[in-house]
Amino acid sequence: MAAVIVLVPIIVTLALWAFAWPAARSAPNDLPVGVAGPTAAAAGVEEQLQSQGGAFEVHRYADEAAARDAIEDRSVYGAVVVTQGGPKLLTASAAGPVVSQLLTQAVTAQAPEGTQVATEDVVAAPENDPRGAALGASVMPMAIAGVAAGAVVTVLGLRGMRAALALAVTAAVVGVVAVALTHSWLGVLTGNWWAEAGAFGLAALAISATVAGLAALLGSAGIGLGAFLMVLLGNPFSGVTSAPELLPQPVGMIGQWLPPGAGGTLMRSVSFFDGAGGAGPAVTLGIWAAVGLVAVLIGARSRRSSGSRPAQAPDTAAGAQPQGVQVS
């Protein structure tokens, strides 16, 4: 009873902190944006953006074409192009509708009074998900599916290569099913179908292998630790519903090191940007998956080693005579 009374409030407190605190402190932190145009004219816009207390990380580009390329490569979230007719804002709502709105408000507020800021969405979000809500909502089910797969493999007693094979096949099936729903049915993803399935599957494998690996090394406590990392921290720290740069630091950075955040970023890259900016998240997921599978194999070998040790016979004193009934 004491354990329940103490642990439940602690879990609730951690959950509220992990989910509510980043949302309440959402603000741009070194958000990458571009400035393009003649040096003299663009310098003023760059100075205005840099004076926002570290909100923006400004990148300079020679012209509008270079700024567009940077947006499509996911180097920046948007760019201000200085033209003779006034400032022009390039955004990418597919990279995060919240960021696009924030940039529009910031650039409009800094423009001279009476100046119209032309805005163009270079990489638009899909028509069926203009606010990015469906993509953001997919992170939690992905994390839960991974935790469930790792837990089920552990509970069913699968060990070693059998466990690794079960995790890999399950992740592949999860990837296919997830894209069949989000791409083929809902139409909220618009990239290469198989690339999206691979991204979903790799994220699911990274999560499930980590949970199963922790369980193989730590026992049932490993499942709880894995769920804490992937669901309680990984989901709210992912930044998929907004952007990692809008979360308090270092939360945004930590979130991209965890599979849910890396998986969300990879999915956005392969679905809307032809894979641009997806190499880093893919490597992160690959490392988690590889380490988790190695832990599964190590845990199985350790169990076999401990189970194969012969039982130790009780020590007997040297030369001791067997006890029996003495006959006089």
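What you see is a predicted model; the values in this text were computed from it and never measured. (Residues numbered from 1 in each chain as written. Predicted model: local features only at pLDDT ≥ 70, side-chain atom pairs only at ≥ 80, totals over all residues. Heavy atoms only, no water.)

Visitor: Explain the nonpolar core to me, and be specific about the residues and the numbers.
Guide: Ranked by size, the top nonpolar core spans 67 residues in total, and within it Leu-31, Phe-56, Leu-103 and Phe-273 carry the most contacts. The biggest single contributor to this core is helix α8 (residues 193-218), with nine residues. Those residues in contact with Leu-31, other than ones at most four positions away along the chain, are Ala-55, Phe-56, Glu-57, Tyr-77, Val-99, Leu-102, Leu-103 and Glu-245. Among the nonpolar cores identified, the runner-up in size contains nine residues, and Val-147, Ile-207, Ile-223 and Val-231 belong to it. (Core = buried A, V, L, I, M, F, W, Y, C linked by side-chain atoms within 4.5 Å. Buried < 20%, exposed > 50% of the residue type's maximum accessible area, 1.4 Å probe, protein only. Helix = DSSP H or I, 4+ residues; strand = E, 2+ residues; numbered from the N terminus. Contact = heavy atoms within 4.5 Å.)

Visitor: Account for the pattern of salt bridges, naming residues and giving values.
Guide: In this structure the tally under the stated criterion is five salt bridges. Note that Glu-64 is salt-bridged to Arg-68, the shortest N-O span being 3.0 Å. One end of the pair, Glu-64, and the other, Arg-68, are both in helix α3 (residues 64-72), four residues apart, so they sit about a helical turn from each other. Glu-64 sits in the partly exposed class, given a relative accessible area of 23%. Close ionic contact of Lys-88 with Glu-120 constitutes a salt bridge, the shortest N to O distance being 3.4 Å. Linking Lys-88 in strand β4 (residues 86-91) with Glu-120 in strand β5 (residues 118-121), this pair joins segments that are 32 residues apart in sequence. You can call Lys-88 partly exposed: its relative accessible area is 21%. Since its relative accessible area comes to 27%, Glu-120 is described here as partly exposed. Residues participating in the shared-partner salt-bridge network are Glu-64, Arg-68, Lys-88 and Glu-120. (Salt bridge = Lys/Arg side-chain N within 4 Å of Asp/Glu carboxyl O.)

Visitor: Talk me through the environment of Ala-111; I want residue IDs and the actual numbers.
Guide: Mapped onto the elements of the fold, Ala-111 is located in the loop between α4 (97-110) and β5. With a relative accessible area of 15%, Ala-111 lands in the buried category. With 25 residues separating them along the chain, Ala-111 and Gly-86 place their C-alpha atoms 8.8 Å apart.

Visitor: I'd like to hear about the packing of helix α1 (residues 2-24) against helix α9 (residues 220-233), residue by residue, with values.
Guide: Packing of α1 against α9 brings their axes to within 10 Å, and their N-to-C directions diverge by 40 degrees. It follows that α1 is oblique to α9 by the angle criterion. Residues Leu-14, Ala-15, Trp-17, Ala-18 and Phe-19 of α1 form the contact with α9, whose participating residues are Phe-228, Val-231, Leu-232 and Leu-233. Its residues placed into classes, the contact of α1 with α9 shows nine nonpolar, no polar and no charged. (Axes fitted to C-alpha atoms, helices over the stretch in contact; angles between N-to-C directions. Parallel < 35°, antiparallel > 145°, perpendicular 65-115°, else oblique. Nonpolar A, V, L, I, M, F, W, Y, C, P; charged D, E, K, R; others polar.)

Visitor: Which residues make up the side chain of Thr-265, and what values do they have?
Guide: Counting through the fold element by element, Thr-265 comes out in helix α11 (residues 259-272). The exposure class assigned to Thr-265 is buried, which follows from its relative accessible area of 18%.

Visitor: Could you give an account of the packing of helix α6 (residues 139-155) against helix α7 (residues 160-185), with specific residues and numbers?
Guide: Contact geometry of α6 with α7 gives a least axis separation of 10 Å together with a crossing angle of 150 degrees. One way to sum up the angle between α6 and α7 is to call them roughly antiparallel. Regarding α6 and α7, the two cross each other, and that crossing is right-handed. Each of Ala-149, Gly-150 and Val-153 in α6 lies in contact with α7, whose residues at this interface are Ala-163, Ala-166, Leu-167 and Thr-170. Looking at side-chain class alone, the contact of α6 with α7 contains five nonpolar, two polar and no charged residues. (Left-handed = near helix turned anticlockwise from the far one by under 90°.)

Visitor: Report on the pairing of strand β1 (residues 31-36), specifying residues and quantitative values.
Guide: Burial analysis of β1 places six of its six residues in the buried class, the great majority of the element. Taking every second residue as pointing to the same face, both faces of β1 are buried, with Leu-31, Val-33 and Val-35 on one and Pro-32, Gly-34 and Ala-36 on the other. Inspection of the sheet shows β1 paired to strand β2 (residues 56-61) by six bridges, in the parallel sense. Within β2, the residue paired with Leu-31 across the bridge is Phe-56. Note on the crossover from β1 through helix α2 (residues 39-50) to β2: the handedness is right-handed. Examined bridge by bridge, β1 and strand β3 (residues 79-83) share three bridges and lie parallel to one another. Pairing of Ala-36 across the sheet is with Val-81, part of β3. (Pairing = 2+ DSSP bridges. Right-handed = clockwise from strand over helix to strand, strands pointing away.)

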